[in-house]
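Per-entry structural report
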Amino acid sequence: METARKKPIRKTKILFILCFTLLPVIQWLVFYVYTNFSSIILAFTGSAGEFTLGNFARFFKEMTLETSELRIAFRNTFITFAILLVTFPLKVLVSYFIYKKIPGYGFYRIVFFLPTVLFSVCTAMVFTRIVGVNGALAQSIGDWLKLGTTPDLLGDSRFANITVLLNMIWLQFPGDLIIWSGTFARIPQDVLESGQIDGTTWWTEFTRIIVPMVWPTVALKMVLLFCGLFGASGQVYLLTGGQYGTMTLSSWQYIKLLEHSGQYYSTYGYNYLSAVGLLLTVVAIAIALVVRNITDRYFDDVEY
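None of the values given here were measured: they were computed from a predicted structure.

1. A closer look at the packing of helix α8 (residues 189-197) against helix α9 (residues 202-213)
Relative to each other, α8 and α9 sit at 165°, their axes nearing to 11 Å. Here α8 lies roughly antiparallel to α9, going by the angle between them. α9 is crossed by α8, and the crossing has right-handed handedness. Residues V191, L192, G195 and Q196 of α8 form the contact with α9, whose own contacting residues are E205, I209, I210 and M213. When grouped by side-chain class, the residues that make up the contact of α8 with α9 number five nonpolar, two polar and one charged.

2. Overview of unusual backbone geometry
Within the chain, K101 stands out as a residue other than glycine whose phi angle is a positive 60°. Its location among the elements puts K101 in the loop between α3 (69-99) and α4 (105-117). Judged by relative accessible area, K101 falls into the exposed class, the value being 58%.

3. What about the packing of α3 against helix α10 (residues 215-227)?
At a minimum axis separation of 11 Å, α3 and α10 run at an interaxial angle of 170°. Between α3 and α10, the crossing angle belongs to the class labelled roughly antiparallel. Counting all contacts with α3, which are made through F81, L84, L85 and F88, the residues of α10 involved are V218, K221, M222, L225 and F226. Grouping the amino acids of the contact of α3 with α10 by side-chain chemistry returns eight nonpolar, no polar and one charged.

4. Some thoughts on the layout of surface pockets
Empty space among the atoms becomes visible once a probe the size of a water molecule is rolled across them. Put simply, the largest pocket is a space of about 330 Å³. In this structure, the largest pocket is lined by eleven residues; those nearest its centre are T35, N36, S39, I40 and S274. Of all the secondary-structure elements, those providing two or more residues to the lining of the largest pocket are α1 (11-43) and α13 (270-298). When residues in the lining of the largest pocket are grouped by element, the largest group, six residues, is from α1. Residues of the lining of the largest pocket, tallied by class, amount to four nonpolar, seven polar and no charged. As a volume, the second largest pocket reaches approximately 170 Å³. Looking at the lining of the second largest pocket, the elements that each hand over two or more residues are α3, α7 (160-185) and α10. The class makeup of the residues in the lining of the second largest pocket is four nonpolar, two polar and three charged.

5. Let's talk about a nonpolar patch on the surface
Taken together, the side chains of L22, V25, I26, W28, L29, V30, F31, Y32 and V33 present a nonpolar region at the surface, about 880 Å² in accessible area. As for its position among the elements, F31 is in helix α1. Taking the relative accessible area as the measure of exposure, F31 reaches 61% and is therefore exposed.

6. Focus on α1
Given a rise of 1.5 Å per residue, 33 residues ought to cover 48 Å, and the 45 Å separating the end C-alpha atoms of α1 matches this to within 8%. At T21, α1 is deflected by roughly 35°, the largest bend along its length, and proline P24 occurs up to four residues later in sequence.

7. Some thoughts on the environment of N167
Secondary-structure assignment places N167 in helix α7. Exposure remark for N167: the relative accessible area of 0% places this residue in the buried category. In this structure the C-alpha to C-alpha distance between N167 and G234, which are 67 residues apart in sequence, comes to 7.6 Å. Not counting the four nearest positions on each side in its chain, N167 is found in contact with F127, Q235 and L239.

About the thresholds
- Residues numbered from 1 in each chain as written.
- Predicted model: local features only at pLDDT ≥ 70, side-chain atom pairs only at ≥ 80, totals over all residues.
- Heavy atoms only, no water.
- Axes fitted to C-alpha atoms, helices over the stretch in contact; angles between N-to-C directions.
- Helix = DSSP H or I, 4+ residues; strand = E, 2+ residues; numbered from the N terminus.
- Parallel < 35°, antiparallel > 145°, perpendicular 65-115°, else oblique.
- Left-handed = near helix turned anticlockwise from the far one by under 90°.
- Contact = heavy atoms within 4.5 Å.
- Nonpolar A, V, L, I, M, F, W, Y, C, P; charged D, E, K, R; others polar.
- Buried < 20%, exposed > 50% of the residue type's maximum accessible area, 1.4 Å probe, protein only.
- 1 Å grid on protein atoms, 1.4 Å probe; cavity = no way out; pocket = protein on both sides within 12 Å on 5 of 7 lines; lining within 4 Å.
- Points joined across faces, edges and corners; volume = space filled by probe spheres on them.
- Patch = residues over 30% accessible without salt bridge, like charges linked within 9 Å, V, L, I, M, F, W, Y side chains within 5 Å.
- Areas by Shrake-Rupley, 256 points an atom, 1.4 Å probe, with all protein chains shown as cover.
- Salt bridge = Lys/Arg side-chain N within 4 Å of Asp/Glu carboxyl O.
- Expected span 1.5 Å × (residues − 1).
- Bend = angle between axes of the 7 residues up to and from the residue.

In structure tokens, the structure reads:
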């Protein structure tokens, strides 16, 4: 029996496919390939348009200055990342308790999910009102520390950084809770019921059953966390504008770019910021690859 010949693809079908793929391809070429390629070129471009390594030299020189704003941004970024790293297992644990439907889990879910429904500007405005001078929180802190006046928690260098970090911790839970809830829902109930019959405690179930079975997601989240090492920021720009010692790397780059927008080769122009971004990207990728290698080497994936 002869094999049936494949029907030729009609020109109208090819045109139909091109109509759906051409626009995304053009968008990818313009906003990803061209943008990233041009930023790499700018990183090696001087004030007169010549090839130079001065942008990178300037970055390392600025890092040696004790009063450098860039050093403050690095310090706050590392502090922010350290908090994200420490709270990572806590977010998984909280998601586990909500997944187990502890008393009041519906209320907790609404409280954690509510900020994701609102715009970031709205959440920043609400948080600013909560910690403002006229709020009960600021007054209580002023009385507790016996300051004599009500402190401005977002306008005082003694409290601003801590307040911004607390805001970041609050807003970090919702997205992860959504991801972990969907991940835990895929675990077969037969496995959990078998553990309950054997008399496992909640801690044993979490560490010996839940975490190993969702390890691919844990590993992926860890890699993504380290990929965003230098982007750890929170709502710094919305809450303080980077003032009062709260500057982070991402907010520093954004603010400096806004200050000198339109000045192509300015002091803090695109060329210098492109060099900083290129260095941070290379370091972040190297760290992420190391983390990925560790998670793949010492832990096995579980299929179910």
